[in-house]
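Now for the letters of each chain:
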Amino acid sequence: MVFTKMHGAGNDYVYVDCTKEELDNPSEVAIKVSDRHTGIGSDGLILIKSSDKADFFMEMYNADGSQGKMCGNGIRCVGKYVYDNGLTDKTTVNIDTLAGIKILELNIGTDGKVATAKVNMGCPVLEAADIPMDISALKDYKAVYKDILSNAKDTGLSKVAVKALSEVTNAVVAEKIEVNGGIYEITGVSMGNPHGIVYLDKDIDIKKFAIEQIGPHFESHMAFPERVNTEFIQVVDRKNLNMRVWERGSGETLACGTGACASLVATVLNGMCDIDATLHLLGGDLNISWDTESGNVYMEGPATTVFTGTIEI
Ligand SMILES: N[C@@H](CCC[C@H](N)C(=O)O)C(=O)O
């Protein structure tokens, strides 16, 4: 199998061009290539396919072989792959995923290759209790919605945001759950895949946070029958958030694009940051902004090719 290893802010996947040939057993291949001792070493596998509905289709698998519906860091790398390898000459590319079509704006570097990409990640869905709430439904309550966000921006009134959202949707923004004997406030946001956002104290050293001990307990918690990606967020100020992430199916990764978007949304709704902020992850920075008119979340960040090769599968 011919492959290219790429990463977006340190979130690394093995990419395979399947526009001409199918790959059998992608789940098994994902497990094999992801192994950091006996394989290529990655957080999973991403297949680039042709599409009838968009320019390309992205299919992603976690390191344990499970399938994810969306991958924010992965989709930027797919944009880089298709442009750098001449599969398209467009710098605005539509890529279909199991979570719908995403539009990418590719930024070309001085070497003529894609350096960064900005992606319209679509509208978040708030998953509170058992009531999934599509943010776009709030368009019907546009005045309230605008008010919530301007209040959150100007005064950081999280209670106002929570109360107003509760009134229009019966949803709760943050919920208390017990995880491995501790009580955590978790905000559920879906960006096509499920995320639970938890806040850490300002004064801890986030790099020393023992994510490998608590992460698996969130991932397999009974509140999340399909498992969950968990983001641990430290609010630095209204424009800067530190983040560590435990991904379902891959464990700790150096970055998670959908997770960064979900975290920005959760932190705005909890009244603790502006609608545009930089997420600082172990593998680099992602700039996230939430367009309050359309409800769409935008993510901008790097895409890097590491090496290409062949492997027997
Ligand atoms: N790293 C990704 C998300 C990958 C999928 C996730 N683990 C899931 O199963 O939902 C990103 O950058 O968004």
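Residues numbered from 1 in each chain as written. Predicted model: local features only at pLDDT ≥ 70, side-chain atom pairs only at ≥ 80, totals over all residues. Heavy atoms only, no water.

Looking at an unreviewed UniProt entry, the chain carries the name Diaminopimelate epimerase, with the source organism given as [Lactobacillus] rogosae. Regarding the chain, the UniProt comment filed under Function (unreviewed entry) reads as follows: "Catalyzes the stereoinversion of LL-2,6-diaminopimelate (L,L-DAP) to meso-diaminopimelate (meso-DAP), a precursor of L-lysine and an essential component of the bacterial peptidoglycan." Recorded in UniProt under Sequence similarities (unreviewed entry), the annotation for the chain is "Belongs to the diaminopimelate epimerase family." (UniProt positions renumbered as here; feature names shortened; annotations may be inferred.)

Caption draft 1: Broad picture of the side chain of Ser263. With respect to the helices, strands and loops of the structure, Ser263 is situated in helix H6 (residues 257–269). On the basis of relative accessibility, which here comes to 0%, the residue Ser263 falls in the buried class. Residue contacts for Ser263: discarding those within four places in its chain leaves Ile197, Tyr199, Glu231, Ile233, Leu241, Met243 and Leu279. (Helix = DSSP H or I, 4+ residues; strand = E, 2+ residues; numbered from the N terminus. Buried < 20%, exposed > 50% of the residue type's maximum accessible area, 1.4 Å probe, protein only. Contact = heavy atoms within 4.5 Å.)

Caption draft 2: Just the UniProt feature "active site" (unreviewed entry) in the chain, in detail. What UniProt calls "active site" (unreviewed entry) maps, in this numbering, to Cys71 and Cys256. What stands out for the annotated residues spanning 186 residues is how close their C-alpha atoms remain, the widest pair being 7.7 Å apart. Note on placement: Cys71 falls in the loop between strand E5 (67–68) and helix H2 (72–84). Overall, Cys71 belongs to the buried group, its relative accessible area being 4%. When neighbours within four sequence positions are excluded, Cys71 is seen to be in contact with Tyr13, Ile46, Met58, Met60 and Thr258. By the element assignment, Cys256 lies in the loop between strand E16 (251–253) and H6.

Caption draft 3: A look at the UniProt feature "binding site: substrate" (unreviewed entry) in the chain. As annotated in UniProt, the feature "binding site: substrate" (unreviewed entry) corresponds to Asn11, Asn62, Gly72, Asn73, Asn193, Asn229, Glu247, Arg248, Gly257 and Thr258 in the numbering used here. Considering the arrangement of structural elements, one finds Gly72 in helix H2. A relative accessible area of 1% means that Gly72 is categorised as buried. For Gly72, the residues in contact, after removing those within four places along its chain, are Met121, Gly257, Thr258 and Met299. By secondary structure assignment, the location of Gly257 is in helix H6. Judged by relative accessible area, which is 1%, Gly257 ranks as buried. Contacts of Gly257, omitting those with residues within four sequence positions, involve Gly72, Asn73, Met121, Leu286 and Met299.

Caption draft 4: Local environment of the packing of aromatic side chains. Evaluated as defined, the whole model comprises 5 aromatic pairs. When the ring of Phe3 is compared with that of Phe307, the centres are 6.0 Å apart and the planes differ by 80°; the resulting orientation is edge-to-face. One end of the pair, Phe3, is in strand E1 (residues 2–8); the other, Phe307, is in strand E20 (residues 304–310), with 304 residues separating them in the sequence. With 4.9 Å between their ring centres and 50° between their planes, Phe209 and Phe232 make a pair best called tilted. Here Phe232 lies in strand E14 (residues 229–237) and Phe209 lies in the loop between strand E13 (194–199) and helix H5 (211–219), a separation of 23 residues in the sequence. By relative accessible area, Phe209 is classed as buried at 19%. (Phe/Tyr/Trp six-rings, centres within 6.5 Å; stacked < 30°, edge-to-face > 60°.)

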